[in-house]
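Analysis of the macromolecular model
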Amino acid sequence: MQLKIKTCGITKENDIKKLDDLKINNIGFINIKRSKRYITEKQIKKYNNKTSTDSILVLEPNSPGEVLELMAKTRIYHIQLHSLTCYEIKYIKWMNKYNHDYKSNKLHITRAIGIQDEITKEKEKEIIEFSKVCDRLLFDSQTDGLTGGTGKTIKIDNVIKAQEIARKTKKSIEIFLAGGLNLEYLTKIKEDLHYFDGIDLNSKVEKQPGIKDINQINNIKQLITAI
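This report concerns the structure included in the present document. (Residues numbered from 1 in each chain as written. Predicted model: local features only at pLDDT ≥ 70, side-chain atom pairs only at ≥ 80, totals over all residues. Heavy atoms only, no water.)

What to know about unusual backbone geometry
Put simply, the rule reads: The helix count covers DSSP runs of H or I at least four residues long, the strand count covers runs of E at least two residues long, and both are numbered beginning at the N terminus. Only protein chains enter the calculation, and the probe is 1.4 Å; a residue is then buried if its accessible area is under 20% of its type maximum, exposed if over 50%, and partly exposed in between.
Even without glycine at this site, Lys23 takes up a positive phi of about 60°. Within the secondary structure layout, Lys23 lies in the loop between α1 (13-22) and β2 (26-30). Given a relative accessible area of 63%, Lys23 falls into the exposed group. Of note in the backbone geometry, Arg75 takes a positive phi value of approximately 65° without being a glycine. Relative to the helices and strands, Arg75 resides in the loop between α3 (64-74) and β4 (78-81). For Arg75, a relative accessible area of 40% puts it in the partly exposed group.

So this is what it looks like as structure tokens:
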């Protein structure tokens, strides 16, 4: 199965058409205020209406209610969460069933999980619990308790171990690799990419925060296609 590519942190309308032409699998819109790639829900709704690519709404909410509200406003039902517990995710899924558009919205939940220098027992438990309630896990580097936006790569042996734990828990779980991915690094680890369902590109494929280097993304796609 071909490795999927998600390009996250889209802030410019011009990049949307270029990524559509590349037939990227997902584009991510970040609605997290600490991010340099933050855009408003109004911008997200506008951009989502202009793309033919499957959009992902990237959030770090304080409550399930925030997620439900933003899904309704943006009409995006593929959610990537950088916060909330397993129980809160279950609540979102349960409440979504009362959405009048429930049969067509196809709720899909990705949970970002930070990976550090080792997979502790506590981290193993976290991976297992989120595997049970999510459709996709995104393994990213973690710094000072924050997951995502660090631009740092993860030790590949650790993230391979993490995906093994997740797949033993639920065979159908999708696993995406994130954390400082660029053409040079992906070329270096290309023999290990078969462990994953997809890769998440962001800060290392930019000319400046929020403005993507389309040529590098295209080169990465060519690398992935050749594997």
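There is more to say after this.
Side note on the pattern of salt bridges
Which entries qualify depends on this criterion: Any carboxyl oxygen of Asp or Glu that lies within 4 Å of a side-chain nitrogen of Lys or Arg is treated as forming a salt bridge with it.
In this structure the tally under the stated criterion is 14 salt bridges. In this structure, Lys73 engages Glu41 in a salt bridge whose closest nitrogen and oxygen atoms are separated by 3.2 Å. With Lys73 in helix α3 and Glu41 in helix α2 (residues 41-48), the pair connects residues that are 32 residues apart, well separated along the chain. For Lys73, a relative accessible area of 36% puts it in the partly exposed group.

What to know about the packing of aromatic side chains
Filter applied, for reference: The rule is short: rings of Phe, Tyr and Trp, with Trp giving its six-membered ring, pair when the centres are within 6.5 Å, and they are stacked under 30 degrees, edge-to-face over 60, tilted in between. Criterion for a charge above a ring: Lys NZ or Arg CZ within 6 Å of the ring centre, and within 35 degrees of the ring normal.
Overall, the coordinates contain 3 aromatic pairs when judged by the stated rule. Ring centres of Tyr91 and Trp94 lie 6.0 Å apart, and the angle between their planes is 45°; this geometry places the pair in the tilted category. Pair noted here: Tyr91 and Trp94 are both in helix α4 (residues 86-96), with a separation of 3 residues, about one helical turn. Considering the side-chain rings of Trp94 and Tyr98, the 5.4 Å spacing of their centres and the 75° angle between planes classify their relative orientation as edge-to-face. Each member of the aromatic cluster is reached from another via a ring pair, and the members are Tyr91, Trp94 and Tyr98. The lysine or arginine in question, Arg136, covers the ring of Phe176, its NZ or CZ lying 3.8 Å from the ring centre.

Describing the nonpolar core
Here is the rule we go by: Side-chain atoms within 4.5 Å are what join buried Ala, Val, Leu, Ile, Met, Phe, Trp, Tyr and Cys residues into a set we call a nonpolar core. Here, two residues are considered to be in contact whenever any of their heavy atoms come within 4.5 Å of each other.
Membership of the largest hydrophobic core comes to 59 residues, with the highest contact counts inside it found for Leu137, Phe139 and Ile199. The dominant element in this core, judged by the number of residues it contributes, is helix α7 (residues 156-169), at 6 residues. Other than its neighbours up to four places away in sequence, Phe139 contacts Ile113, Ile115, Ile127, Ile154, Val159, Ala162, Gln163, Ile175, Phe176, Leu177 and Ala178. Counting residues in each nonpolar core, the second largest holds 5 residues, with Ile30, Ile32, Ile56 and Val58 among its members.

Considerations on the packing of α1 against helix α9 (residues 214-226)
Threshold: To get an axis, a line is fitted to the C-alpha atoms, and for a helix only the part in contact is used. The angle between two axes follows their N-to-C directions and goes from 0 to 180 degrees. Geometric relationships in this document are graded by angle, where less than 35 degrees denotes roughly parallel, more than 145 denotes roughly antiparallel, 65 to 115 denotes roughly perpendicular, and other angles denote oblique. Crossing chirality is assigned from the near helix's rotation relative to the far helix, an anticlockwise turn below a right angle marking it left-handed and a clockwise turn marking it right-handed. Side-chain classes are defined by residue name, with Ala, Val, Leu, Ile, Met, Phe, Trp, Tyr, Cys and Pro counting as nonpolar, Asp, Glu, Lys and Arg as charged, and the others, Gly among them, as polar.
Relative to each other, α1 and α9 sit at 15°, their axes nearing to 11 Å. On the basis of the axis angle, α1 is roughly parallel to α9. In this structure, the crossing between α1 and α9 has a hand that is right-handed. Every residue of α9 that contacts α1 at Asp15, Lys18, Leu19 and Leu22 is listed here: Ile214, Ile217, Asn218 and Lys221. In terms of residue class, the contact of α1 with α9 is made up of 4 nonpolar, 1 polar and 3 charged.

Some remarks on the pairing of β4
This is how the line gets drawn: When DSSP finds two or more bridges between a pair of strands, those strands are recorded as paired. When the strands point away from the viewer, a crossover counts as right-handed if the path from the first strand over the helix to the second runs clockwise.
Neither face of β4 is open: one carries His78 and Gln80, the other Ile79 and Leu81, and all of them are buried. Pairing geometry for strand β3 (residues 54-59) and β4, over 3 bridges, is parallel. Bridged to Leu57 within β4 is Ile79. In terms of handedness, the path from β3 via α3 over to β4 forms a crossover that is right-handed. With 4 bridges joining them, β4 and strand β5 (residues 108-115) adopt parallel strand pairing. Note on β5: the bridge partner recorded for His78 is His108.

Notes on α9
Quick reminder of the rule: Expected helix span is given by 1.5 Å per residue-to-residue step, counting one fewer step than there are residues.
Under the 1.5 Å per step criterion, the end-to-end length of α9 is 18 Å for 13 residues, consistent within 8% with the ideal 18 Å. Along α9, the positions that sit buried rather than exposed are Ile214, Gln216, Ile217, Ile220, Leu223 and Ile224. Residues of α9 that are buried sit in contact with β1 (4-8), α1, α8 (183-188), β9 (198-201) and β11 (211-212).

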